[in-house]
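Working through the structure, step by step
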Amino acid sequence: MGQRFSAWFMNPFCKSINNNVKNEKALLFDSMTQLRETLDRDLVICEIGARSGVNYKHYPPRSKLICVEPNQYSRSYLEENIRTTNPSLTLKDFVCGFAESMPGIDNECVDAVVCTLVLCCVKNQKEVLSEVLRILRPDGQFYFMEHVADQPGTFRRKMQNTFTPAWKLLTGNCHLNNNARAVLQDAGFKSVRTTDFTYRSMLWLIRPWMFGVATK
Ligand SMILES: C[S@@+](CC[C@H](N)C(=O)[O-])C[C@H]1O[C@@H](n2cnc3c(N)ncnc32)[C@H](O)[C@@H]1O
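Please read these numbers as outputs of a predicted model, since none were measured by experiment.

All right, on to the packing of helix H1 (residues 2-20) against helix H3 (residues 74-85) then. To describe two helices that pack against each other, one gives the angle between their axes and the distance between the axes. The interhelical angle for the contact between H1 and H3, taken along N-to-C directions, is 35°, at an axis separation of 9 Å. Between H1 and H3 lies a crossing whose hand is right-handed. Facing Ala 7, Trp 8, Asn 11 and Lys 15 of H1, the residues of H3 in contact are Ser 74, Tyr 77 and Asn 81. Taken together, the residues of the contact of H1 with H3 break down into three nonpolar, three polar and one charged.

Okay, structure coming up:
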């Protein structure tokens, strides 16, 4: 019941957040078109923490999708969003589970992994990124966008640290002091490119964001 309500409630919420970062999303996914052209074939894309699927309109036509999402009730919203935003996509597989362990997905079988607003709430970022590297083909790309911790020593970072325990309880494990930037740099990618930006949120604690692409 909780998961069903959450899937229904989060669908418009995720769309609204997504609409506020549409310019940054366009920049993020620009190089996915380039990847499609370089490989000269339809892409296989794995999206982790897909929820209702807010990124599909950015994917190259005819891409094949593997969606990993612990909330089983997200699937119908996700299929609806494929139909309405990019009907040429194929949902190859919907894996109801956590990205820390994806045994159902073979080694080096996907061209790209997408992860937006998910690393802030996973149980173990290192395990997730290790699985991302396992399933990506050599030279495959990891596309990410996250709200993140402010620089160490700033007043906002201190407040993020202070309020994270309560925020986690309210939001289902979301960390205001999300340290994904450092964890990504140490994960073992060949390169990690990030761009910082400010999300125009009323919530001052979640204004620092970043997006980027890491290459295996
Ligand atoms: C804030 S929502 C983001 C949804 C969507 N990616 C977006 O950009 O709007 C976070 C999603 O991550 C999922 N999630 C949480 N922990 C996860 C994990 N360990 N592995 C995969 N997905 C997870 C949640 O169920 C939820 O759908």
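Together, Phe 5, Trp 8 and Phe 9 make up a nonpolar patch on the protein surface, roughly 370 Å² of accessible area in all. With respect to the helices and strands, the residue Phe 5 is situated in helix H1. Residue class for Phe 5 comes out partly exposed when judged on its relative accessible area of 46%.

A few words on the site of the ligand. Neighbouring the ligand are 14 residues; Gly 49, Glu 69, Ala 99, Glu 100 and Thr 116 lie closest to it. A distance of 2.9 Å separates a nitrogen atom of the ligand from a polar atom in the backbone of Gly 49. A distance of 3.0 Å is found between an oxygen atom of the ligand and a side-chain nitrogen or oxygen belonging to Arg 51. Isolated, the ligand exposes 600 Å² of accessible area, and the fraction of that covered by the protein chains is 88%.

Parameters at a glance
- In this numbering scheme, every chain counts its residues from 1 along its sequence in written order.
- Given that this is a predicted model, residues contribute local features only at a pLDDT of at least 70 and side-chain atom pairs are listed and counted only at 80 or more, while totals for whole chains, interfaces and linings are drawn from all residues.
- Working from all heavy atoms in the structure, the side-chain values ignore hydrogens and water.
- Axis definition: a line fit to C-alpha positions, over the contact stretch in the case of helices; interaxial angles, taken between N-to-C directions, run 0 to 180 degrees.
- Secondary structure is summarised from DSSP: a helix means a run of H or I of at least four residues, a strand means a run of E of at least two, and numbering begins at the N terminus for each.
- Should the near helix be turned counterclockwise from the far one by less than a right angle, the crossing is left-handed, whereas a clockwise turn marks it as right-handed.
- Working rule for contacts: check all heavy atoms of both residues, and any pair within 4.5 Å makes them a contact.
- When residue character is reported, Ala, Val, Leu, Ile, Met, Phe, Trp, Tyr, Cys and Pro are called nonpolar, Asp, Glu, Lys and Arg charged, and the others, Gly included, polar.
- Within this analysis, patches are made of residues with over 30% relative accessible area and no salt bridge. Like charges are joined at 9 Å or less; nonpolar side chains (Val, Leu, Ile, Met, Phe, Trp, Tyr) at 5 Å or less.
- Only the protein chains shown count as covering a residue, and every accessible area follows the Shrake-Rupley method with a 1.4 Å probe.
- When a carboxyl oxygen of Asp or Glu is within 4 Å of a side-chain nitrogen of Lys or Arg, the pair counts as a salt bridge.
- Residue burial is assigned from relative accessible area. The probe radius is 1.4 Å, only protein chains are included, and a residue is buried under 20% of its type maximum, exposed over 50%, and partly exposed in between.
- Throughout, near means a residue has at least one heavy atom within 4 Å of the molecule or strand.
- The definition of a polar contact used here is a pair of N or O atoms within 3.5 Å, where within protein one atom must be able to donate a hydrogen and the other to accept one, and adjacent residues in sequence count solely through side-chain atom pairs.

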